[in-house]
Each structure stands twice: as C-alpha cells, then as structure tokens.
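Below, each chain spelled out in residue letters.
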There are 2 protein chains.
Amino acid sequence: MVAAERAKRRPARASVWLEDKARRGGAARGGQPSGLDRDRIISAAVTLLDAEGLPRFSMRRLAAELNVTAMSVYWYVDTKDDLLELALDAVFGEMRAPAGIPGDDEESPEDWRDQLRELAVDYRAVLVRHPWVSPLAGTFLNIGPNYLEFSFAVQRVIRRTGLPLSEQTAAISAVFQFVYGFGTIEGHFIERSAMAGVTADEYFGEAMAAVMQAPQISHVLEHSKGIMEARGGDTVTEMFERDFSTALEIVISGIEARVARVE
Amino acid sequence: MVAAERAKRRPARASVWLEDKARRGGAARGGQPSGLDRDRIISAAVTLLDAEGLPRFSMRRLAAELNVTAMSVYWYVDTKDDLLELALDAVFGEMRAPAGIPGDDEESPEDWRDQLRELAVDYRAVLVRHPWVSPLAGTFLNIGPNYLEFSFAVQRVIRRTGLPLSEQTAAISAVFQFVYGFGTIEGHFIERSAMAGVTADEYFGEAMAAVMQAPQISHVLEHSKGIMEARGGDTVTEMFERDFSTALEIVISGIEARVARVE
DNA sequence: ACCTGAACACCGTTCAAGT
DNA sequence: ACCTGAACACCGTTCAAGT
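Since the structure is predicted, the reported quantities are computational estimates derived from the model, not experimental observations. (Residues numbered from 1 in each chain as written. Chains lettered and ligands numbered in written order. Predicted model: local features only at pLDDT ≥ 70, side-chain atom pairs only at ≥ 80, totals over all residues. Heavy atoms only, no water.)

**What to know about the packing of aromatic side chains**
For any pair of aromatic rings, the description rests on two quantities: the centre-to-centre distance and the angle between the ring planes.
Then comes step 1: Applying the stated criterion to the full structure yields 29 aromatic pairs over all chains.
Then comes step 2: Ring plane angle 65 degrees and centroid distance 6.4 Å describe the contact between Phe189 of chain B and Phe204 of chain B, whose orientation is recorded as edge-to-face. Taken together, the residues span a long stretch of sequence, with Phe189 of chain B in helix α8 (residues 165-195) and Phe204 of chain B in helix α9 (residues 200-213) at a distance of 15 residues.
Then comes step 3: Here Phe189 of chain B falls in the buried class, since its relative accessible area comes to 14%.
Then comes step 4: Measuring from ring centre to ring centre gives 5.8 Å for Phe189 of chain B and Phe240 of chain B, while their planes differ by 65 degrees; the resulting arrangement is edge-to-face. Taken together, the positions of Phe189 of chain B in helix α8 and Phe240 of chain B in helix α11 (residues 236-262) put the pair 51 residues apart, joining distant regions of the chain. By the burial criterion, Phe189 of chain B is buried, and Phe240 of chain B matches it.
Then comes step 5: Among the aromatic residues, those joined into a ring-pair cluster are Phe178, Phe182, Phe189, Tyr203, Phe204, Phe240 and Phe244 of chain A.
Then comes step 6: In this structure, Arg124 of chain A packs its charged tip against the face of Phe244 of chain A, placed 4.4 Å from the ring centre. (Phe/Tyr/Trp six-rings, centres within 6.5 Å; stacked < 30°, edge-to-face > 60°. Helix = DSSP H or I, 4+ residues; strand = E, 2+ residues; numbered from the N terminus. Buried < 20%, exposed > 50% of the residue type's maximum accessible area, 1.4 Å probe, protein only. Lys NZ or Arg CZ within 6 Å of the ring centre and 35° of its normal.)

**Thoughts on a negative patch on the surface**
All names here are of chain A.
Then comes step 1: Negative charge collects at one region of the surface, where Asp201, Glu202, Glu206, Asp234 and Glu238 lie side by side.
Then comes step 2: The element that contributes the greatest number of residues to the negative patch is helix α9 (residues 200-213), accounting for three residues.
Then comes step 3: Given the relative accessible area of 37%, Asp201 is considered partly exposed. (Patch = residues over 30% accessible without salt bridge, like charges linked within 9 Å, V, L, I, M, F, W, Y side chains within 5 Å. Areas by Shrake-Rupley, 256 points an atom, 1.4 Å probe, with all protein chains shown as cover. Salt bridge = Lys/Arg side-chain N within 4 Å of Asp/Glu carboxyl O. Lys, Arg positive; Asp, Glu negative; His and termini not counted. Charge placed at Lys NZ, Arg CZ, Asp CG, Glu CD.)

**Notes on the packing of helix α4 (residues 80-92) of chain A against helix α7 (residues 145-159) of chain A**
Residue and element names in this part refer to chain A.
Then comes step 1: Remark: α4 packs on α7, axes separated minimally by 7 Å, with the N-to-C direction vectors making an angle of 45 degrees. As far as their axial angle goes, α7 and α4 are oblique. Of the residues in α7, those in contact with Asp89, Ala90 and Phe92 of α4 are Pro145, Asn146 and Tyr147.
Then comes step 2: Here the contact of α4 with α7 is built from residues that sort into four nonpolar, one polar and one charged. (Axes fitted to C-alpha atoms, helices over the stretch in contact; angles between N-to-C directions. Parallel < 35°, antiparallel > 145°, perpendicular 65-115°, else oblique. Contact = heavy atoms within 4.5 Å. Nonpolar A, V, L, I, M, F, W, Y, C, P; charged D, E, K, R; others polar.)

**Comments concerning the pattern of salt bridges**
Then comes step 1: This model, assessed by the stated rule, comprises 26 salt bridges over all chains.
Then comes step 2: Here Arg124 of chain A makes a salt bridge to Glu186 of chain A, at a shortest N to O gap of 2.8 Å. Of this pair, Arg124 of chain A sits in helix α5 (residues 112-129) while Glu186 of chain A sits in helix α8 (residues 165-195), and the two are 62 residues apart along the sequence. The same class applies to Arg124 of chain A and to Glu186 of chain A, which are both buried.
Then comes step 3: Here Arg113 of chain B makes a salt bridge to Asp111 of chain B, at a shortest N to O gap of 2.6 Å.
Then comes step 4: Taking relative accessible area as the criterion, Arg113 of chain B reaches 23% and is therefore assigned partly exposed.
Then comes step 5: Classification of Asp111 of chain B by relative accessible area gives partly exposed; the value is 31%.
Then comes step 6: In this structure, a network of salt bridges that share partners links the residues Arg13, Asp78 and Asp82 of chain A.

Following this line, the structure appears as structure tokens:
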C-alpha cells in the first residue's frame with residue numbers, strides 16, 4: 001500500500017508471494033553485462049533503505065545505485081511495493097534459526113520462557129537495525145517464507161506454555177505486538193538521532209528539552225521528571241535495554257499467572 | 001519524516017509543536033471569501049485521510065477538497081508533515097477525557113485496572129478508526145497537547161499500581177506498545193478489507209486461503225489450523241475483541257505479579 | 001492578509017523500441 | 001531475454017505576483 005497510490009489500475013494482487021511471475025534471473029547468464037538479478041536488487045534495496053530510510057527510497061535512486069536505468073528493475077519486480085515486500089522478508093531472514101526452536105512434540109530441555117525471550121530479542125533487533133521494517137510489516141500481509149517460519153516458531157513455543165488453545169493467539173499478541181511497538185519507537189528514535197547527526201543521548205536531551213519547552217504542560221511535569229530519572233541506566237541505550245527486558249518479564253509473568261489460573 | 005524527502009533544505013524543526021508560526025486564522029475575518037483557517041484544514045485532512053488512506057493523501061487533493069489551490073494551504077501550515085502532525089494530535093483528542101482520570105494524589109474509588117483498560121480501549125479505538133494514525137504515531141515525536149494529556153493520564157494510572165518508580169516506564173511500554181501493535185494490524189486489516197470492497201470476514205477467508213496456497217509451508221500447518229479454530233468468536237470482529245481483551249488481561253496480570261514480587 | 005499560476009525537481013509506471 | 005528513452009500523470013514546495 002505504501003506506493004499503491006499510483007498503481008490504481010493494477011489488479012492489486014495482495015502480496016508478491018501470490019502469483020508472482022518470479023523472474024528470479026539465474027545470475028547474469030545471457031547477453032548484456034549489467035549482471036542484474038533479483039537477489040542483487042533486493043540486497044541493494046536493503047542497503048539503500050538502511051542508509052537513507054523509507055521516505056527517501058525510490059526506484060530511480062535504487063537503479064542509480066545499481067548503475068542501471070530505473071526501468072530495468074521492472075523486469076525483475078512488478079512494482080515498488082513488491083520489491084519492498086521482498087526486502088522485508090529478506091531481513092526477517094536475519095533472525096537466527098527460528099526453525100531450530102522445537103515444538104512440544106520433541107522433548108526439549110529448554111524452558112519456553114527462554115525460547116520466547118530469544119524470539120522477542122531477535123524480532124526487536126530486526127526492527128531496530130532496519131527502522132523501515134516497522135511501517136512495512138504493519139502494512140503488508142507478511143506471508144513471506146522467513147516471516148512464516150518465524151511465526152510458526154512462535155506458535156510452537158506458545159504451545160509449550162500450557163495455555164489453553166483458545167488463549168494462545170492472545171498470548172502471541174501480548175508478546176509480539178509489544179515487541180513490534182517497542183522496536184518501532186526504538187528504531188525510529190535511533191534513526192532520528194543518526195539523521196540529525198547526533199548521538200542517541202544528545203538527541204534524547206534535546207527532545208526532552210523540547211517537550212519541556214512546550215507550552216500548556218508544565219503543570220503536569222513534576223511526576224514525569226521523577227519517572228524519567230528513576231528509569232535507570234545512564235545512557236539511552238541502557239534505558240531501552242532495561243525497559244525492554246522488564247516489560248518482557250512482565251508479559252511472561254502474565255502468561256504464567258494465566259496458566260496457573262487455568263490449571 | 002513521511003514527506004521530508006523533498007524538504008531537504010529545510011532547517012528540519014523536529015515538530016510542529018515547537019516554534020510554530022501558528023497563523024491559526026481567526027475564521028474568515030478579512031477579504032477573500034475562501035473561509036480557510038487552520039481548523040478547517042485540519043478537519044478536512046482528517047476526513048480525507050480516513051476516506052482515502054495515507055498513501056493517497058496529498059496536499060493537492062486536500063486543496064481540491066477545500067475548493068482552493070494547493071498553495072493556499074501553505075499559508076496556514078509550513079509543510080505536509082506539519083499538517084499530518086496536527087491531524088494526528090487532533091484525532092488523539094477523540095479519546096474521552098483522559099484528564100478525568102485521577103492520579104494517586106486524589107483518593108480515587110476506581111481500580112487502576114479499570115482505568116488502564118479504559119485508556120487502552122480508547123487508544124485502540126483511535127488506531128482502528130484511523131489506520132493512518134499508526135505510521136504517523138510511529139514517526140513523529142508525539143508531543144501535541146492531546147497526546148501529552150493522554151500519556152500523563154497513563155503515567156498517573158501506572159503510579160497507582162504500586163510498582164516501583166524504576167519499573168513504571170517498562171509497565172507503560174508493556175501495555176501501550178502492545179495496544180499500538182495490536183491496533184496497527186487490526187486497523188490495517190479493516191482498511192484493507194474496505195478497500196478491497198469486501199467484509200472483514202470475507203477478506204479474512206481470502207487471506208487464509210492465500211497463506212495456505214503459499215508453497216513451502218504445508219508441513220507446518222496442522223497446528224496453525226488448530227490454533228485458528230480454537231481462537232473463539234465466529235466473526236473476525238469477535239476474534240479481535242477476544243484476543244485484545246485476553247491479551248490485555250495477561251499484561252495486567254503480569255503487572256500484578258510484579259507488584260506482588262516486590263512487596 | 002490572503003490567494004494564485006507558473007515553475008522546479010522529483011515520483012511510479014507504461015510503452016514502444018532497441019540489442 | 002534483457003535493457004533503454006521518452007512520455008504520462010502525478011508529487012511537495014518555492015517564488016513572484018496578484019487583490
């Protein structure tokens with residue numbers, strides 16, 4: 001949907017992963033020397049998105065990076081949205097081996113809590129490393145192979161909690177929608193700092209000063225200051241780290257309490 | 001940042017709420033009959049965003065809706081991003097009176113759990129009613145008056161949980177990042193259904209069929225089907241409702257468990 | 001004080017044409 | 001089979017000019 005505005009007349013296939021023509025290009029086999037193929041395009045897209053951010057990303061800039069005309073890219077992908085969807089699933093592949101996380105069929109020595117922490121930490125890392133992931137993940141259908149593998153791993157772990165089936169989707173939401181939200185603001189914050197050419201700590205200081213300076217709010221500010229100072233951690237990074245892990249433990253405790261209630 | 005790509009040369013003020021020129025226009029006082037003012041522009045923007053979605057929203061289309069040339073709007077707002085930020089805070093004003101939620105200074109007869117549910121439900125409602133809110137809320141600094149009022153209400157309620165100060169920001173994250181993530185996908189799902197000209201249930205059926213049809217995943221699918229069917233609720237709306245409230249109770253239980261551990 | 005028209009530097013995408 | 005150039009219908013924003 002990100003760029004769908006100009007593609008009004010297109011049949012609007014819901015995802016690249018459905019009915020894709022998939023000219024995946026077997027790496028520079030024939031005539032011209034451009035050496036383009038789908039994988040090269042996708043990884044150049046990821047690089048450009050990381051470097052410039054989603055709003056600055058355009059097919060023309062990407063093509064320039066590949067030393068090719070903008071329209072060459074269209075031989076490999078149907079639309080900009082398709083390409084973004086491919087890039088999205090590509091970075092989901094950076095999460096380390098969710099397939100390695102076993103379900104309750106196998107006997108697993110590992111605690112489901114640790115498995116859940118591992119998945120949450122990985123998902124957060126992707127969101128923070130690639131701030132453009134959040135708006136895309138919120139927009140597309142997310143049925144690429146890497147994301148599916150991840151979400152099946154999540155399902156397997158949640159099954160081991162002992163929650164009744166009817167509450168498992170809710171538990172998945174409680175954990176991973178939280179991670180999504182947290183990673184979104186964290187990644188965006190880091191991106192903003194970088195683009196302002198300033199450290200996260202400096203940017204935080206400026207933002208706080210900015211909020212303080214805003215009118216109409218001084219009367220509700222005393223407690224906010226207290227809450228901020230008590231937050232713990234000397235740097236913004238440490239703050240994020242502590243908040244994330246404490247919040248994650250809160251949600252895990254909530255699942256445990258829910259299980260205990262049912263048993 | 002949404003439209004910032006073309007405004008590279010601008011000083012890049014971090015938010016409308018800082019150093020805004022604020023020509024708020026006292027409602028059609030002088031010469032020309034266009035009757036434009038900031039409030040009219042903002043509410044037209046909200047209407048257009050609701051009707052067409054964020055990607056289709058443009059200054060030129062908005063101006064057309066107002067029977068005015070695109071550039072007239074620029075007399076009232078500096079940039080498209082500023083206008084979006086104003087529209088964003090405007091819809092946060094739809095949450096009913098978070099200012100009415102007391103802190104622990106006043107003795108309040110109401111349980112903090114109910115207050116938290118109320119705030120979460122309101123926030124979710126905004127995200128679902130206005131699917132364009134999520135990407136903007138994830139992008140801007142969120143220091144408009146309505147959002148600040150909301151987040152101060154959140155702080156007051158969390159203070160009443162009995163959590164130590166050092167864990168209160170984490171608890172806020174656990175609740176409201178979850179709500180943000182949940183409202184994001186829910187709102188987007190409803191938007192997609194509407195734009196496909198189909199009910200949410202029909203769209204859900206199609207999406208499920210689509211995922212099933214995807215290759216490489218049939219081997220992990222049996223449990224997913226089980227989890228989906230056990231989810232409860234006959235319609236998609238009921239499913240969302242149940243998942244949301246169950247997940248919210250999980251997080252609240254987690255906060256309670258955390259409080260008990262400390263006491 | 002408010003509004004407009006023309007212009008600039010961009011977009012995504014189509015299409016006919018090249019090799 | 002792959003790539004290009006020109007063109008279409010858009011963007012956000014600036015600037016000089018109108019009333």
